[in-house]
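For reference, the chains in residue letters:
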Amino acid sequence: MNRVAPKSRQIWHAGFIVDELEPAMDELSAALGVKWADLHTIKRTMEGPGGAAWDLDTRVVFSLDLPLSIELIEPSPGTPNVRRGDSAFHHLGYWGDDLVAEERRMADLGLPCVAFLSDQADPALRRILITQGPYDVLLEATSTLTSRPGLEHFYPSGGPR
């Protein structure tokens, strides 16, 4: 693996696969006092290398607390959005601009693409890019160029560029 350090990426969330959002939200709110954004239902196609495609039918929610958000995701069996082993921990999310170039950079490091979502408003842009990371942890690049309503305060510049 290439050991040349890239420019620092801003990690902004940690994703966890949970069976049901509401009980997990209640438990984490009680334990940590976090507040939550609105729940979102995602019904769309996630793409992957070599033309792979998976139909997502899931719900997600992000905590609103800075500096690191907690993302809770209900599993979508048969897709990359399932638990990886026994842990609920799924991925680390960080900001990126050009996610196609980021996919090439990560592949050059031996960290291949697992899946991506194109932006619905501008399909030429990728909304997220999920790559295999070290220690069997996924890494999720999130585009600074696409809108994430309700999460603007997490963007490095306060909103999409």
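Cut-offs used in this document
- Residues numbered from 1 in each chain as written.
- Predicted model: local features only at pLDDT ≥ 70, side-chain atom pairs only at ≥ 80, totals over all residues.
- Heavy atoms only, no water.
- Salt bridge = Lys/Arg side-chain N within 4 Å of Asp/Glu carboxyl O.
- Helix = DSSP H or I, 4+ residues; strand = E, 2+ residues; numbered from the N terminus.
- Buried < 20%, exposed > 50% of the residue type's maximum accessible area, 1.4 Å probe, protein only.

### Some words on the pattern of salt bridges
Opposite charge on two side chains permits them to pair, given that their charged atoms come into close proximity. Going through the model one piece at a time under the given rule, you end up with eight salt bridges. In this structure, Glu-102 engages Arg-9 in a salt bridge whose closest nitrogen and oxygen atoms are separated by 2.9 Å. Here Arg-9 lies in the segment before β1 (11-17) and Glu-102 lies in helix α2 (residues 99-108), a separation of 93 residues in the sequence. By relative accessible area, Glu-102 is classed as buried at 6%. Arg-9 gets classed as partly exposed once you look at its relative accessible area, which sits at 22%. The residue Glu-103 makes a salt bridge to Arg-126 at a minimum N-O spacing of 2.2 Å. Within this pair, whereas Glu-103 is found in helix α2, its partner Arg-126 is found in strand β7 (residues 126-132), the two being separated by 23 residues in sequence. Overall, the relative accessible area of 22% leaves Glu-103 in the partly exposed class.

### Description of the environment of Ala-37
Assignment of secondary structure puts Ala-37 in the loop between α1 (21-32) and β2 (40-47). The spatial distance from the C-alpha of Ala-37 to the C-alpha of Phe-62 is 5.6 Å, given a sequence separation of 25 residues.

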